4 protein chains.
Amino acid sequence: MTTFAFLGLGAMGAPMATHLAKHAHAHGHRTLVWNRTTTKAEAHASEHGSEVATLAQAARADFIFTCLPTSAEVDEVLNAMQPHLRPRAVWIDCTSGHPAAAVRQAGQLAAADVTFLDAPVSGGTAGAQAGRLTVMVGGDPSALAAARPHLAFAGKVEHVGRTGAGFAVKAVNNALLGVTLWATGEGLAVLGRAGVNLEAALSVINASSGRSNASENLIPQRVLTREFPPTFALGLLAKDAGIAVDLTQSVQGSAPVLAQVAALLRGAQRVVGAAADHTAALKLIETMNDQELR
Amino acid sequence: MTTFAFLGLGAMGAPMATHLAKHAHAHGHRTLVWNRTTTKAEAHASEHGSEVATLAQAARADFIFTCLPTSAEVDEVLNAMQPHLRPRAVWIDCTSGHPAAAVRQAGQLAAADVTFLDAPVSGGTAGAQAGRLTVMVGGDPSALAAARPHLAFAGKVEHVGRTGAGFAVKAVNNALLGVTLWATGEGLAVLGRAGVNLEAALSVINASSGRSNASENLIPQRVLTREFPPTFALGLLAKDAGIAVDLTQSVQGSAPVLAQVAALLRGAQRVVGAAADHTAALKLIETMNDQELR
Amino acid sequence: MTTFAFLGLGAMGAPMATHLAKHAHAHGHRTLVWNRTTTKAEAHASEHGSEVATLAQAARADFIFTCLPTSAEVDEVLNAMQPHLRPRAVWIDCTSGHPAAAVRQAGQLAAADVTFLDAPVSGGTAGAQAGRLTVMVGGDPSALAAARPHLAFAGKVEHVGRTGAGFAVKAVNNALLGVTLWATGEGLAVLGRAGVNLEAALSVINASSGRSNASENLIPQRVLTREFPPTFALGLLAKDAGIAVDLTQSVQGSAPVLAQVAALLRGAQRVVGAAADHTAALKLIETMNDQELR
Amino acid sequence: MTTFAFLGLGAMGAPMATHLAKHAHAHGHRTLVWNRTTTKAEAHASEHGSEVATLAQAARADFIFTCLPTSAEVDEVLNAMQPHLRPRAVWIDCTSGHPAAAVRQAGQLAAADVTFLDAPVSGGTAGAQAGRLTVMVGGDPSALAAARPHLAFAGKVEHVGRTGAGFAVKAVNNALLGVTLWATGEGLAVLGRAGVNLEAALSVINASSGRSNASENLIPQRVLTREFPPTFALGLLAKDAGIAVDLTQSVQGSAPVLAQVAALLRGAQRVVGAAADHTAALKLIETMNDQELR
């Protein structure tokens, strides 16, 4: 019997842990769950047949999954669990973490004979609920091969490189999300000032070469509707774009557009608040153009 | 019998004129064609049943289509044709033109009782050949209603606003094409320097929130293959992004990312040449990062 | 006897006209003044011995000086004065105008045998009052030679090129003012967040390689004091930076930093108001960093 | 008798150590010198009365000065010297180092009862030779008070905040150097394309509001002359601008212009080489504008 532990039952983690628990149940395995707020873990256990665990108990699992806000929270649980870890376990960190943290954490875990995989996910809460997340994995391929059958929340799993590469790809993806969102917002603000019908403009762009996930989905569903549903916080997007900046710095690369947008997202976060949906960053564009996007 | 004239048989115009000529043939109409280099017009006439015309002859058509490099070339033919225009004709300019030029040209044509529609297209040479172009139209809706049945090259026709709005939307669309292309190039250059597998990274991004037409189509097909097939010139993309800058200026808008990318595209054009495919702009990113995208 | 006309008695124009009137008086010449609000012209006449004139009367002067908000206002007075102009007169436009407007206006005036010089000034209201302005002149050198003895408000006069060159240099200078102001504001905001003493930091920067007029004068006198005295409006600085963008576009140049800052200044104008002092643009930086500059 | 050690006899360090040695000689103190390439230390000793030392010997000094390329080299010597340090010594690091490294190094030295001051300098090789450098100091004020009489190479000493603040101010200063240099280069490139006389334009700007150290000194002396004398390497400026980016990240600030320029400088470094003078960054602007700055 294999034991899984899943730490972090947030908007993404909870449905991911549910898929894991179903998978475990179907194959006769156990699933331990841990959450900073224990009531969430208790609710998960009672609904999905997982078991509430302390960090020390979770540390004894064969496969440890983490899905936490940032690498700093992973450090915290890792430090608490370090003395209790089981040799030859695999730690799969689905946090949108920091590549430099991954390297450090992998080293720390290696001392306990545990293998670290950075395995952030993409697909949002909808993808998590459907069990169709894209998982981008950095680290040892044989550890990934061992973990692969248990990534029950995944639609697509891609090994992208050595330790930290998963976080790097995720940071760049989210920076590109930020760029497409922001630039499309700029374009629409200018068109709005020119008296162009924005729904028609967006319809054309989405049938043309300038289209992106932001133009096809986010802006029509969240911005033009003025709903800005808070499913992915602007503070987290700004953090991710910042990780892309850190990554650029660490390899001495040159990415002026990613850098500019990361700065603007951070600025927008100060204006509309870190907890607002990431699409609300466009409210700063609206202010700077005196033009509502509707 | 209705007479069409099509001016400008370039990579986009030639297949568009072919669809128009087929449509005309099927409905008992005539199609006149004109091209700066007459041999192209003669070839078109012999292959597709159109008729070679002088500018004076083309000026007598009921529907005049132009598909030229920039608004400057439209000005040239318009000035030459002005004395010969037929009242109540409709001029459909499919050039990726300038909104300010549209307003001026519409005024000039109104004096001859001709209605101007700015009607740029999107979809590339493939879309033109398939007759599935997206057409974004600015100007008088009733003139568009009259022209609509004859837009034989169109898959989607969208009225986006008053005169110049079509060009404005096209400029913004192409600026967004530039932004997504450039920013994705930056992201991949940084990932490449970090040792990440770029094909795997792109595969993940294209299943995630940072995807765009550039990441899904242009970069895998044209950049990673190192082919850079010259179908849409960088000089024209830089021109279009520049029109978006002009548009921003004319409405006193604020679009820092579009402005930055327009400047970088212009710079890239100086480095790799105006005639190179637009995707070759990423060669400047490669140089600035000492990292090939492959 | 030579007749001067000075049009536009604003914060800059009024003291400039005063120096001109003194010069005229000393040499037995006449000075006509015109202002949109006539009371200002009347006050100037009674205080400085100039004579209030209509546009038609001013048009008969040998040297016509304009100092208006933008080239659009120059167009207005020029159109009104055109029928009355004296052949072989020289028109010296001290407006921070647009290079393209200069070329057009010079052509229009040439038809009346009047020579146009674009001659914007730098030095602020203090320089105007002291008669120590820097004048950057584009256009015919012999017309400048004729006008030179009468530039009574000038400390330094520099011929920088053909028609429009004066406006071009002024636009670039003001764009650089915007860049240094904005970038220094960013740097101080970041240092402030890091707990650094901003007065000490600025003192060091002003003894080091990163210093500029903005760091040496504007920020210590206007920003750190929280006074933001409204002597040069942000709306005008944003307009000037925009002219630098237009200039870049007209020569198909690549200036990503000037373009970015022009966009940010325009955005700041929407946030703090066009009438605020240009240094108040830094309030947007403060908001985006949640950090006051004091 | 007080013993000084000076480590790092490069273009800046050598003349700084000379001033220190003179000061020591005048007051009956000793000066030890160390350099990675020992011949430089031997030459210094024979010329200036200092004494060549090993790292272990230098570690016994009362005041240890370091002036090395980056914080990484400081880490190396610090690690080697750690076992030999004298309690209550003061370590004055004049490197253009990293604020985060300062905090770490200060902690490491505190364990040996040694106080770390980050004390980077500004003024270039000319200022170093003249003994008129500006020193910006972060860390314990009483340690600075003890060291202050021995900063024989300083014209101005400013305490700017706690540990790391000196490096932070230096990084921001150099980022501003980069911004002013780059933006002025852009402006001149555009003016050059417009046919404006660049020497005249610069003369005007330097009498106007857009002036900076870059426009007043660097560009006329190094760029327009086409000399680009290699006194301050572009690779080091790009590194410093990158430290400003890291600083911005560490405080979650928003500095879009500093970020863009840091990226462009890094890109320019790839094009013209890290060893070129920092002013040679403008060669990338020249290429992107097809316009030489002369």
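With that settled, the discussion passes to the overall build of chain A. Within chain A, the secondary structure is distributed over 13 helices and nine strands. Against the compact-globule benchmark of 19 Å for 294 residues, chain A has a radius of gyration of 20 Å, which places it among compact chains. With respect to the three principal axes, the spread of C-alpha positions in chain A is 65 × 45 × 30 Å. The buried share among the 294 residues of chain A stands at 63%. Within chain A, counting contacts between residues at least 6 apart in sequence, those at least 24 apart form 69% of the total. As displayed, chain A has an accessible area near 9,600 Å², and 50% of this comes from carbon and sulfur atoms. Taken as two groups, the 22 positive and 22 negative side-chain charges of chain A have centres that lie 2 Å from each other.

This brings us to the packing of helix α8 (residues 165-193) of chain A against helix α11 (residues 234-250) of chain A. Each pair of packed helices can be described by the angle between their axes along with the distance between the axes. Residues and elements named next belong to chain A. Their axes nearest at 8 Å, the elements α8 and α11 cross at an angle of 120°. The pairing of α8 with α11 is recorded here as oblique in orientation. In the packing of α8 onto α11, the handedness of the crossing is left-handed. Of the residues in α11, those touching α8 at Ala 168, Ala 171, Val 172, Asn 174, Ala 175, Leu 177 and Gly 178 are Leu 237, Asp 240, Ala 241, Ile 243, Ala 244 and Leu 247.

This next bit is on the relation of the copies chain D and chain B. Once turned by 180° and shifted 0.0 Å along the axis, chain D lies on chain B with an RMSD of 0.0 Å. Such a turn and shift between the copies fits a two-fold axis. In this assembly, 100% of the residues forming the interface of chain D have copies in chain B that are likewise at the interface, indicating an isologous arrangement.

What follows covers the packing of helix α8 (residues 165-193) of chain B against helix α13 (residues 282-289) of chain B. Residue and element names in this part refer to chain B. Across the interface, α8 lies against α13 with an axial gap of 9 Å and an inter-helix angle of 30°. Judged by the angle between their axes, α8 and α13 are roughly parallel. The crossing of α8 and α13 is right-handed. Residues Leu 181, Trp 182, Gly 185, Glu 186, Ala 189 and Arg 193 of α8 form the contact with α13, whose own contacting residues are Leu 282, Leu 284, Ile 285 and Asn 289. Broken down by class, the residue content of the contact of α8 with α13 amounts to six nonpolar, two polar and two charged.

With respect to the element layout, Asn213(D) can be found in helix α10 (residues 213-223). Side-chain polar atoms of Asn213(D) contact the backbone oxygen of Ser209(C), separated by 3.0 Å. Once residues within four sequence positions are removed from consideration, Asn213(D) is found in contact with Ser209(C), Arg211(C), Leu177(D) and Leu218(D).

We now examine the pairing of strand β9 (residues 154-161) of chain A. Residues and elements named next belong to chain A. Relative to β9, strand β8 (residues 133-138) is paired through six bridges, and the arrangement is parallel. Counted as the bridge partner of Val 135 is Val 157 from β9. Running through helix α7 (residues 141-147), the crossover from β8 to the neighbouring parallel element β9 is right-handed.

The next subject is empty space enclosed by the protein. Gaps left between atoms show up when a probe the size of a water molecule is rolled over them. Taken as a whole, this structure holds three cavities of 30 Å³ or more when the rule is applied. Taken together, 25 residues line the largest cavity, and the ones lying closest to its centre are Val245(A), Gln249(A), Ala259(A), Val245(D) and Ala259(D). Elements represented by at least two residues in the lining of the largest cavity include exactly α11 and α12 (256-272) of chain A together with α11 (234-250) and α12 (256-272) of chain D. Counted by class, the lining of the largest cavity contains 13 nonpolar, 10 polar and two charged residues.

In this section: the domain arrangement of chain A. All names here are of chain A. By the assigned domains, chain A splits into domain 1 (3-162) and domain 2 (168-289). Distance between the C-alpha centres of domain 1 and domain 2: 29 Å. Contacts between the two partners involve 11 residues from domain 1, matched on the other side by 10 residues from domain 2. Looking only at domain 1, the three residues that lose the most surface to domain 2 are Ser 96, His 98 and Pro 99, adding up to 44% of its buried area. Along the contact surface separating domain 1 from domain 2 lie zero salt bridges. Scanning the region where domain 1 abuts domain 2 turns up four residue pairs in polar contact (both at pLDDT 80 or more). A per-class count over the side of domain 1 that touches domain 2 returns six nonpolar, five polar and no charged.

Attention shifts here to the interface of chain B and chain A. Across the contact, 58 residues belong to chain B and 58 residues belong to chain A. Seen at the junction of chain B and chain A, the total is zero salt bridges. Taken together, the links from chain B to chain A amount to 28 residue pairs in polar contact (both at pLDDT 80 or more). Contributions of two or more residues to the side of chain B that touches chain A are made by β8 (133-138), β9 (154-161), α8, α9 (198-205), α10 (213-223), α11 (234-250), α12 (256-272) and α13 of chain B. Looking at the side of chain B that touches chain A residue by residue, the classes come out as 29 nonpolar, 23 polar and six charged.

Another point: the interface of chain D and chain B. Contacts between the two partners involve 13 residues from chain D and, on the opposite side, 13 residues from chain B. When chain D packs against chain B, the two sides together hide about 920 Å² of surface, and 66% of this comes from carbon and sulfur. Together, Gln260(D), Arg270(D) and Met288(D) form the three largest contributors to the area buried by chain D at its contact with chain B, with a combined 55%. Joining chain D to chain B, the criterion identifies zero salt bridges. Scanning the region where chain D abuts chain B turns up one residue pair in polar contact (both at pLDDT 80 or more). When residues of the side of chain D that touches chain B are traced back to their parent elements, those giving at least two are α12 and α13 (282-289) of chain D. For the side of chain D that touches chain B, the per-class residue count stands at five nonpolar, four polar and four charged.

How each quantity is defined
- Residues numbered from 1 in each chain as written.
- Chains lettered and ligands numbered in written order.
- Predicted model: local features only at pLDDT ≥ 70, side-chain atom pairs only at ≥ 80, totals over all residues.
- Heavy atoms only, no water.
- Helix = DSSP H or I, 4+ residues; strand = E, 2+ residues; numbered from the N terminus.
- Rg over C-alpha atoms; globule rule 2.2 N^0.38 Å.
- Buried < 20%, exposed > 50% of the residue type's maximum accessible area, 1.4 Å probe, protein only.
- Contact = heavy atoms within 4.5 Å.
- Areas by Shrake-Rupley, 256 points an atom, 1.4 Å probe, with all protein chains shown as cover.
- Lys, Arg positive; Asp, Glu negative; His and termini not counted.
- Charge placed at Lys NZ, Arg CZ, Asp CG, Glu CD.
- Axes fitted to C-alpha atoms, helices over the stretch in contact; angles between N-to-C directions.
- Parallel < 35°, antiparallel > 145°, perpendicular 65-115°, else oblique.
- Left-handed = near helix turned anticlockwise from the far one by under 90°.
- Least-squares fit on C-alpha atoms with pLDDT ≥ 70 in both.
- Nonpolar A, V, L, I, M, F, W, Y, C, P; charged D, E, K, R; others polar.
- Polar contact = N/O pair within 3.5 Å; in protein donor to acceptor, adjacent residues only side chain to side chain.
- Pairing = 2+ DSSP bridges.
- Right-handed = clockwise from strand over helix to strand, strands pointing away.
- 1 Å grid on protein atoms, 1.4 Å probe; cavity = no way out; pocket = protein on both sides within 12 Å on 5 of 7 lines; lining within 4 Å.
- Points joined across faces, edges and corners; volume = space filled by probe spheres on them.
- Domains from an automatic or database assignment.
- Buried area = accessible area lost by both parts, 1.4 Å probe.
- Salt bridge = Lys/Arg side-chain N within 4 Å of Asp/Glu carboxyl O.

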